[in-house]
Number of protein chains: 2
Amino acid sequence: MKKIKVAIMGLGTVGGGTYEVLTRNRDVIASGYGVDAEVVKVLDRSEDVLVSRGVPAEKFAGNIDEIIKDDDISVVVETMGGLEPAGTFIIKALKSGKSVVTANKELLAKRFDELEEAAKEGGAGLYFEASCVGGVPVIRTLTDSMQANRITEIMGIINGTTNYILTKMSEDGLTYAAALKEAQKLGYAEFDPTADVEGFDAAYKLSILASLAFHTRIPLSGIYREGISKVTPKDIAVGRSMGYTLKLLAIGRKNADGSAEARVHPAFVPESHPLSSVRGAFNAVFLKGDFVDEIMLYGRGAGAHPTASAIVSDIIYCADREEPLRLDFKNGEASLADDFSSEYYLSLTVADKPGILASITKVFGDCGISIGKMQQQVSAAGQAEIIILTHTTKESAVRTATERLESLGGVKKLNTTLRVIK
Amino acid sequence: MKKIKVAIMGLGTVGGGTYEVLTRNRDVIASGYGVDAEVVKVLDRSEDVLVSRGVPAEKFAGNIDEIIKDDDISVVVETMGGLEPAGTFIIKALKSGKSVVTANKELLAKRFDELEEAAKEGGAGLYFEASCVGGVPVIRTLTDSMQANRITEIMGIINGTTNYILTKMSEDGLTYAAALKEAQKLGYAEFDPTADVEGFDAAYKLSILASLAFHTRIPLSGIYREGISKVTPKDIAVGRSMGYTLKLLAIGRKNADGSAEARVHPAFVPESHPLSSVRGAFNAVFLKGDFVDEIMLYGRGAGAHPTASAIVSDIIYCADREEPLRLDFKNGEASLADDFSSEYYLSLTVADKPGILASITKVFGDCGISIGKMQQQVSAAGQAEIIILTHTTKESAVRTATERLESLGGVKKLNTTLRVIK
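Residues numbered from 1 in each chain as written. Chains lettered and ligands numbered in written order. Predicted model: local features only at pLDDT ≥ 70, side-chain atom pairs only at ≥ 80, totals over all residues. Heavy atoms only, no water.

Novice: What exactly am I supposed to notice about the overall build of chain A here?
Specialist: Tallying secondary structure elements over chain A gives 15 helices and 16 strands in all. In terms of overall dimensions, chain A is globule-like: its C-alpha atoms have a radius of gyration of 24 Å, near the 22 Å expected for 422 residues. Dimensions along the principal axes, computed over C-alpha positions, put chain A at roughly 80 × 45 × 35 Å. Taking all 422 residues of chain A together, the buried fraction comes to 59%. Counted over contacts in chain A with a minimum sequence separation of 6, partners at least 24 positions apart contribute 73%. When the accessible surface of chain A is split by element, carbon and sulfur atoms take 49% of a total near 16000 Å². Taken as two groups, the 48 positive and 55 negative side-chain charges of chain A have centres that lie 4 Å from each other. (Helix = DSSP H or I, 4+ residues; strand = E, 2+ residues; numbered from the N terminus. Rg over C-alpha atoms; globule rule 2.2 N^0.38 Å. Buried < 20%, exposed > 50% of the residue type's maximum accessible area, 1.4 Å probe, protein only. Contact = heavy atoms within 4.5 Å. Areas by Shrake-Rupley, 256 points an atom, 1.4 Å probe, with all protein chains shown as cover. Lys, Arg positive; Asp, Glu negative; His and termini not counted. Charge placed at Lys NZ, Arg CZ, Asp CG, Glu CD.)

Novice: When you look at the pairing of strand β11 (residues 293–300) of chain A in this model, what are you seeing that I'm missing?
Specialist: Side chains on a regular strand alternate between the two faces of the sheet. Relative to β11 of chain A, strand β10 (residues 282–289) of chain A is paired through 8 bridges, and the arrangement is antiparallel. If you follow Gly289 of chain A over to β11 of chain A, its bridge partner there is Asp293 of chain A. Between the antiparallel neighbours β10 of chain A and β11 of chain A lie 3 residues. Note: β11 of chain A against strand β11 (residues 293–300) of chain B, 5 bridges, orientation antiparallel. Bridging across to β11 of chain B, Tyr298 of chain A finds its partner in Met296 of chain B. (Pairing = 2+ DSSP bridges.)

Novice: Please explain the relation of the copies chain B and chain A as it appears in this structure.
Specialist: Applying a rotation about an axis and a shift along it to one chain copy brings it onto the other copy. When chain B is fitted to chain A, the best match, at an RMSD of 0.0 Å, comes from turning it 180° and sliding it 0.0 Å along the axis. The relationship between the two copies is best expressed as a two-fold rotation axis. Residue by residue, 100% of the interface of chain B is reproduced at the interface of chain A, so both copies engage with the same surface. (Least-squares fit on C-alpha atoms with pLDDT ≥ 70 in both.)

Novice: Would you mind showing me how to read the environment of Ile90 of chain A here?
Specialist: Residues and elements named next belong to chain A. Mapped onto the fold, Ile90 is located in helix α5 (residues 86–95). Its relative accessible area of 0% is what places Ile90 among the buried residues. Apart from the residues within four sequence positions on either side, Ile90 is in contact with Met9, Glu78, Val100, Thr102, Leu107 and Leu115.

Novice: Where do I start with the interface of chain B and chain A in this structure?
Specialist: Often, the extent of an interface is quoted as the loss of accessible area upon association of its parts. Contacts between the two partners involve 52 residues from chain B, matched on the other side by 52 residues from chain A. Counting the surface chain B buries against chain A, the share from its top three residues, Tyr33, Gln147 and Phe291 of chain B, is 17%. Taken together, the links from chain B to chain A amount to 4 salt bridges. A salt bridge links Asp27 of chain B to Arg150 of chain A, with the shortest nitrogen-to-oxygen separation between them at 3.4 Å. (Buried area = accessible area lost by both parts, 1.4 Å probe. Salt bridge = Lys/Arg side-chain N within 4 Å of Asp/Glu carboxyl O.)

Novice: Whenever I open this one, the environment of Leu174 of chain B confuses me. Can you help?
Specialist: Residues and elements named next belong to chain B. Tracing the backbone through its elements, the reader meets Leu174 in the loop between α8 (160–172) and α9 (176–185). The spacing of Leu174 and Thr232 is 58 residues in sequence and 9.3 Å in space, taken between C-alpha atoms. Among residues more than four places away in sequence, those in contact with Leu174 are Lys168, Met169, Ala179, Glu182 and Pro233.

Novice: Explain the packing of aromatic side chains to me, please; I cannot follow it from the model alone.
Specialist: The geometry of two aromatic rings is summed up by the distance between their centres and the angle between their planes. Residue and element names in this part refer to chain A. Inspection of every chain in the model, using the stated rule, returns 16 aromatic pairs over all chains. An angle of 55° between the planes, with centres 6.4 Å apart, marks the rings of Tyr224 and Phe340 as tilted. Separated by 116 residues along the polypeptide, Tyr224 in strand β7 (residues 224–225) and Phe340 in the loop between α13 (304–320) and β12 (341–351) bring together distant segments of the chain. We classify Phe340 as buried; its relative accessible area is 9%. (Phe/Tyr/Trp six-rings, centres within 6.5 Å; stacked < 30°, edge-to-face > 60°.)

Novice: Would you explain the side chain of Thr390 of chain B in this entry?
Specialist: With respect to the element layout, Thr390 of chain B can be found in strand β14 (residues 383–390). Contact partners of Thr390 of chain B, with chain neighbours within four places excluded, come to Glu343, Tyr344, Leu346, Phe364, Ile369, Ser370, Ile371 and Gly372 of chain B.

Novice: I would appreciate a short explanation of the pattern of salt bridges in the present structure.
Specialist: Close approach of charged atoms lets side chains of opposite charge pair. Per the counting criterion, the structure on display carries 55 salt bridges over all chains. In this structure, Glu261 of chain B and Arg263 of chain B form a salt bridge, with 3.0 Å as the shortest nitrogen-oxygen distance. Members of the salt-bridge network, linked through shared partners, are Glu153, Arg253, Glu261 and Arg263 of chain A.

Novice: I tried to follow the state of the cysteines on my own but got confused; where do I start?
Specialist: Joining two cysteines, a disulfide is a covalent bond between their sulfur atoms. All names here are of chain B. In this structure the tally under the stated criterion is 0 disulfides over all chains. No disulfide involves Cys318; its sulfur sits 18 Å from that of Cys132, the nearest cysteine. The class of Cys318 is buried, set by a relative accessible area of 14%. (Disulfide = S-S within 2.5 Å.)

Novice: Just checking my understanding: could you explain the sheet that holds strand β2 (residues 35–43) of chain B for this structure?
Specialist: By definition, the strands of a sheet pair up through backbone hydrogen bonds, in either a parallel or an antiparallel sense. Residues and elements named next belong to chain B. The strand order across the open sheet formed by 5 strands is β2-β1-β3-β4-β5, and the pairing between neighbours is parallel. Edge positions in the sheet fall to β2 and β5 (126–127), since each of these pairs with one other strand and no more. When strand β1 (residues 2–9) meets strand β3 (residues 73–78), the two strands line up parallel, connected through 5 bridges. Directly across from Ala7, in β3, lies its bridge partner Val76. Lying over the sheet, helix α5 (residues 86–95) contacts β1, β2, β3, β4 (99–102) and β5, oriented at roughly 150° with respect to β4. (Axes fitted to C-alpha atoms, helices over the stretch in contact; angles between N-to-C directions.)

Novice: What is the right way to look at helix α1 (residues 13–24) of chain A in this model?
Specialist: All names here are of chain A. For α1, built from 12 residues, the straight-helix expectation of 16 Å at 1.5 Å per residue is met to within 8% by its first-to-last C-alpha distance of 16 Å. Listing the buried residues of α1 in full gives Gly15, Gly16, Gly17, Thr18, Tyr19, Val21 and Leu22. Buried residues belonging to α1 abut β1 (2–9), α2 (26–33), β2 (35–43) and α13. (Expected span 1.5 Å × (residues − 1).)

Novice: What is the right way to look at the sheet that holds β2 of chain A in this model?
Specialist: All names here are of chain A. Taken in spatial order, the 5 strands make up an open sheet running β2-β1-β3-β4-β5, and their pairing is parallel. Among the strands making up the open sheet, the edge pair consists of β2 and β5 (126–127). Taken together, the 8 bridges between β1 and β2 define a ladder with parallel strand orientation. The residue of β2 that forms the bridge with Lys2 is Val35. Where α13 meets the sheet, its contacts fall on β1, β2, β3 (73–78), β4 (99–102) and β5, and the angle it forms with β1 comes to roughly 140°.

Listed below in structure tokens is the structure:
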């Protein structure tokens, strides 16, 4: 039996869940995996929180140094969130030779090199399965199950808040504002929902996952990001009538020329696609490797218990390893593609007069975009709504086309441009 | 850089794929994971096979002892299949201290204890991610990602042959015989398809997976097994009209009283269930833990490359571990439940005369089975077909009811009894 002593920094939702798992299932873990993990110190700004979680007083740490100086502690769990003081505390722990298990995606996405440097200096390990997609083992699958593969694509629904909102809009016809309100009431969305709804959270996770998948650093600044706050129930309804479900997707690709692309944006997914049936707060990720082909992982992307499950699995994983796992993206920063390809959905409001369709299709033709499907509907007196689905084309071509359309006589409004997944 | 020398026994489909992966992606593995895995010996009954796979002559092993005696070899891959000589060769390798990576589900399901004993004796490790669900990391998820959880359920589609056949029957209306023939033509089914279509293959995998999930041995003999060879296009069509898809499911449960249940049988799955959209040769497995809730893993369940991907991931995993992973089901053999609960679908042909429905529903009532839905259709002169969907009930109650129904006046034939998943 391996005995390890653990400290937890931050006893909020996830930290509290971790304390609960390690307490309640300590016997399962010990008998099943030969690792007896004991929480010996817990640090939180508020002693009331510690008391309410049932932590005995002798385990309260007054400050970070009490943890650092305790040589018995080999693993420190960081569940404080935010950049600081979490960053400073993690670096202290790593430099002192303690391995760190964290769920802090923002910190990892913004300061990974600095953390990894500290880990190397201290001969410690840095583990972060819990940072992406809750209890779903997407990082372990990348690092421990797909090693034989060149990974060429990662695509998924990796933010539960936005998936909940889009599911509500799609299935119950709610507006964005009403669905957001419901998500906030249920605790799925924050009071300030920006990080989730504008795609920042998904971009943090994509930066981490794509960097691991492609063995090359995908910086946040290289990720194209578009949120869901402008999505309308009407676009969702039109998409549904054409057999599509709207999802906020995170997509990373390693192209044949060695360049990478990474983007977070809403996209229409065909109803027959497995991602289409990922509903509510659930998440799912597709990984494509040259030998294994496609793998999909599905589960709860957030929540105290699923995330705590991932943290505890990292603690045991870390105890089992001969040497710390080094994920230092050896190949440096990725060369990022400045364009990408997709199918597109466009919705325009136009004057209902002869010749307008011809001039619109001419713009597409001039930009080298091939139209797959087009439908027109009179929407009000003298106005018509046109929906266009393109074949696969370049994003840059669509941007040129939409600019021209906006200044085209007879086009009253370019309502929506959305990408479509095959 | 860790350098390890590998031998492969059996260069058929999967062994050949493994040789190909280790040759073609050796650089990816070395630069990404710091493990340089070199195949130094290959054993096969036929030298022609080795030549056709491009194995250089100096790597041909004349017999198993050439591999055992080579102290440089630390990992032996077994991809011969079958019980013997694979079993003897694996035991020799393990006893000599070489870790073994195998895809041999039948051998693992039938002789696991013996193999694990040899592994302990030799201080070696036994790894078998490739034995279940091809390249999908279901074993790694159980052992390395869900350690914090008491796993209470495993449910999945873990045989690609039968899923291909059922998909063809369901989507193209083929008979079982025609769908099987097509599967054979495509290489998805063997000339003698018994192991797949009668559920033996799924039972081997369920024995392995449920034993790992529940930390207790689920012997083959304890698994209820029913294949798909009696499934008719008509049942599939009726199920579809009621919103169900027919799948061959493997189900393992750990009950609250500590008993376990394990079964392989066809079952109706609601169309909204993620397993319903797992089509063709794809596989998917649900795992349920007390903290992580549900995880689903999806991907190709067989094939040379996906399976080879899992084998190579085991080779690297094994090279990374401080001590061999011991999966010896410490808690001994499971106490198996002698009954289980499900919803049921029954189809009966009856004489179309007054009172027959009343006498049928009385049988169900007498057996304590509550009927959820019932539909009747005149099928031929003087005959009617009755479809019954029950609420959750005991398997034993349904068996009693069907026995009584078969001898009930007016019942011409009990066509089908199928379980239904919620």
